[in-house]
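Residue-level structural notes
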Protein chains: 2
Amino acid sequence: MLEGIYLAHPEVTHVGDDLRCFVRTNPVPGKVGLVTGGGSGHLPLFLGFVGENMLDGAGVGGVFQSPSSEQVLDVTRHVDQGAGVLYLYGNYSGDLMNFDMAGELADLEGIRTMTVLGRDDVASSVVGEEHKRRGVAGIFFAYKAAGAAAAAMKPLDEVARLAEKASARTRTIGVALSPCIVPEVGRPSFQIGADEMEIGMGIHGEPGITRKTLTPANEMVDEMMARILAEQSYETEKDVAVLINGLGATPLEELYVIYRRTAQVLDQAGARIRHVFIGEFATSMEMAGASISVLQLDDELQPLIAMGANTPFFKHIAQ
Amino acid sequence: MLEGIYLAHPEVTHVGDDLRCFVRTNPVPGKVGLVTGGGSGHLPLFLGFVGENMLDGAGVGGVFQSPSSEQVLDVTRHVDQGAGVLYLYGNYSGDLMNFDMAGELADLEGIRTMTVLGRDDVASSVVGEEHKRRGVAGIFFAYKAAGAAAAAMKPLDEVARLAEKASARTRTIGVALSPCIVPEVGRPSFQIGADEMEIGMGIHGEPGITRKTLTPANEMVDEMMARILAEQSYETEKDVAVLINGLGATPLEELYVIYRRTAQVLDQAGARIRHVFIGEFATSMEMAGASISVLQLDDELQPLIAMGANTPFFKHIAQ
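Residues numbered from 1 in each chain as written. Chains lettered and ligands numbered in written order. Predicted model: local features only at pLDDT ≥ 70, side-chain atom pairs only at ≥ 80, totals over all residues. Heavy atoms only, no water.

1. Focus on the domain arrangement of chain A
All names here are of chain A. Quick note on the threshold: Source of the domain bounds: an automatic or database domain assignment. Pairs of residues are marked as contacts when any of their non-hydrogen atoms sit within 4.5 Å. For any pair of parts, buried area is found by adding up, for both, the accessible area (1.4 Å probe) each one loses once the two are put together. Here, a salt bridge means any side-chain nitrogen of Lys or Arg that lies within 4 Å of a carboxyl oxygen of Asp or Glu. In the analysis that follows, any N or O atom pair within 3.5 Å is treated as a polar contact, provided that within protein one partner can donate a hydrogen and the other can accept it, and provided that, for residues neighboring in sequence, both atoms belong to side chains.
The domains assigned to chain A are domain 1 (2–168) and domain 2 (170–302). When each unit is reduced to the centre of its C-alpha atoms, the spacing between domain 1 and domain 2 is 23 Å. Tallying the contact residues gives 30 residues for domain 1 and 35 residues for domain 2. When domain 1 packs against domain 2, the two sides together hide about 2,700 Å² of surface, and 63% of this comes from carbon and sulfur. Inspection of the domain 1/domain 2 interface yields four salt bridges. Of the charged contacts, one joins E300 and K165 as a salt bridge, the two residues approaching to 2.6 Å between their closest N and O atoms. On inspection of domain 1 and its partner domain 2, the count reaches 14 residue pairs in polar contact (both at pLDDT 80 or more).

Given below as structure tokens:
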């Protein structure tokens, strides 16, 4: 897979001989470096967002496995352009351990690092314990904000602050309709009936909130959006960005059916949709399902989300 | 679905009250109009390629059904900007009947139309009977060429000639691993074993060339590419554009595995890959599988494929 990506996209390359140390071919001198990483099997997440006005490097793990600290360190050394490096990845224990270790080793070499975590999945922990939440598709908004801030040559503390703000203001809720098969394992990651769905399931098949018989799309979206609306109010800040993400096997047609209802629900709640992203951003191999992410914008975040971006897997024309 | 698309993308709209008459919101005065159409269930095909430097309108049919001649005529009237309209769609009898009828009615109203068909699927008929072949993912290249030519304000005959050239020089071969379920029908479109694949299957489940036990990806690609190489020689014209298309449920990871081998095979055959497109361009709901399309470029087609484009479903930065 990685050989195919490097062949297709000369704007990305690897550090030394390790194909799993994924970086931009032409680093931007003096810019804060943005590094992410995580398991394979989630394309476009993670490496797919390495590119212009987005990220600078990614440690690529095996399917659903963390990259090693050595890989993250190699990527860190490569992307550091003298302005320090921000680690921006999902809140999973394996990733935390390896990124923290890489950060300590980088520090010994005089490379300053900071860390911001994606933890947008409302289904993975209750209000008050947001720090325990998993990072899922909504990390895209933190990538977008951090990427734009770094491209504007802001310093590391400021890039980290804006990434953290985007992350903290993003809420995601997912629904799964079928499992995926991790190639090395060879059997479905979990069992679910053909007429069932599970709201809140994680992108590695982590248990969700409720499993129930399939409902029509509108009813399903209403139930999902209730979880997000419980944590966001649009009274003083109306502007939002919405991401409707397909988990792998869900037709794009169905994502637009989901968006239609999501827009209605947000409109009724007093929100104003400023940016919409619909497609596959964070998948789980060939799992069927989708997630809805809502980022509550403010005057700082809005222009960062609007900025153009160009990666092999994500192209955004400035608005 | 259509309501969701119009809500998300204000740059496209519908003619009058019929949501299925899909057009650009801001037509370009004096430009040749490009109209496509076909059944739903194939997103981004067909309507997904309506936008800047691509198409101007699409008649949207039900799932796997042709749009009506009335819809095509309404779209034709709307997109005609005085320079005539090119119909560019896949070679299926229902579409042919309805587009031809719409063209005759448009003619009576003084709107000149021409027709170019996508018929890139090498599996659907033998050499010498190319006119019987079905249009599949490779029609994307004809859209791209025609869209760029029309954006350069070339006249109708010239746009049609270039679209026809792109179409005639494109070869596609697909492979299916699982069926899809048409919502109105409610059962899988065909049966195939979990350990089987069918090379040459059409995007509506039309029978392919061979059904066999799953092989490793490289072996599968070799067998698929042999069908394309039998009809293209790169001795005098080396430059090609490649499209690796996912049929719906196939992870992006696997498309890059397919691309890796495709690039190796093309390299060995003496071709030089100038443009690569990898992702979902023409799907079949949640069918698992993929297709490989190769367009043999010449000096006229190369810059048309390179030109930037911006539609809700396809963004291309000029190269």
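2. Focus: helix α5 (residues 156–168) of chain A
Residue and element names in this part refer to chain A. Rule in force here: A run of H or I in DSSP counts as a helix once it spans at least four residues, and a run of E counts as a strand once it spans at least two, with each numbered from the N terminus. By this rule the span expected of a helix is its residue count minus one, scaled by 1.5 Å. Between buried and exposed lies partly exposed: a residue is buried under 20% and exposed over 50% of the maximum accessible area for its type, with that area taken using a 1.4 Å probe on protein chains only. The arc under discussion is defined with respect to the helix axis, by the directions toward the C-beta atoms.
With 13 residues, α5 should cover 18 Å at 1.5 Å per step; its first-to-last C-alpha distance of 18 Å lies within 8% of that length. Among all positions in α5, only L156, V159, A160, L162, A163, A166 and S167 are buried. Viewed end-on, α5 has its buried residues packed into an arc of 165°, placing them on one side of the element.

3. Quick look at unusual backbone geometry
Cis rather than trans, the peptide bond between L43(A) and P44(A) has omega equal to 5°. If you trace the backbone, P44(A) turns up in the loop between β3 (33–40) and β4 (57–63). In the segment running from L45(A) into F46(A), the intervening peptide bond is cis, with an omega of -5°. Unlike most non-glycine residues, M285(A) shows phi in positive territory, near 50°. Among the structural elements, M285(A) can be located in the loop between β11 (272–279) and β12 (288–296). Unlike most non-glycine residues, M153(B) shows phi in positive territory, near 65°. Turning to its location among the elements, M153(B) is positioned in the loop between α4 (139–151) and α5 (156–168). Residue classification places M153(B) among the partly exposed residues on the basis of a relative accessible area of 44%.

4. Notes on the packing of aromatic side chains
Residues and elements named next belong to chain A. Note the cut-off: Between 30 and 60 degrees the pair is tilted, below 30 it is stacked and above 60 it is edge-to-face, where a pair is any two Phe, Tyr or Trp rings, Trp via its six-membered ring, whose centres lie within 6.5 Å.
Overall, the coordinates contain 32 aromatic pairs over all chains when judged by the stated rule. Between F49 and F281, the ring centres sit 6.4 Å apart and the planes meet at 10°, which makes this aromatic pair stacked. Of this pair, F49 sits in the loop between β3 and β4 while F281 is found in the loop between β11 and β12, placing the two residues 232 residues apart along the sequence. One exposure class covers both F49 and F281, and it is buried.

5. As for the pairing of strand β7 (residues 170–178) of chain A
Looking down a regular strand, the side chains alternate between one sheet face and the other. Residue and element names in this part refer to chain A. This is how the line gets drawn: Only when DSSP finds a minimum of two bridges between them are two strands counted as paired.
Of all nine residues in β7, seven are buried; the element is thus mostly enclosed. Here β7 pairs with β12 via eight bridges, running antiparallel. Bridged to G174 within β12 is S291. With two bridges connecting them, β7 and strand β8 (residues 196–199) associate as antiparallel partners. Each residue of the ladder has a partner; that of A176, found in β8, is E198.

6. What to know about the pattern of salt bridges
Tallying each qualifying case throughout the model produces 48 salt bridges over all chains. Among the ionic contacts, a cluster of salt bridges with common partners joins E158(A), R161(A), K165(A), R169(A), E237(A), D298(A) and E300(A).

7. Side note on the environment of G193(A)
All names here are of chain A. In this fold, G193 is placed in the loop between β7 and β8. Residue class for G193 comes out partly exposed when judged on its relative accessible area of 25%. Separated by 20 residues in sequence, G193 and T213 have C-alpha atoms that sit 8.7 Å apart.

8. Regarding helix α7 (residues 252–268) of chain A
Between its first and last C-alpha, α7(A) extends 25 Å over 17 residues, near the 24 Å set by a 1.5 Å rise per residue. Buried within α7(A) are the following residues: L252(A), E253(A), L255(A), Y256(A), I258(A), Y259(A), T262(A), A263(A), V265(A) and L266(A). Next to the buried residues of α7(A) lie α6 (217–229), β10 (239–246), β11 and β12 of chain A together with α1 (2–8) and β3 (33–40) of chain B. Directly after α7(A), the chain includes G270(A), whose backbone phi takes a positive value near 95°.

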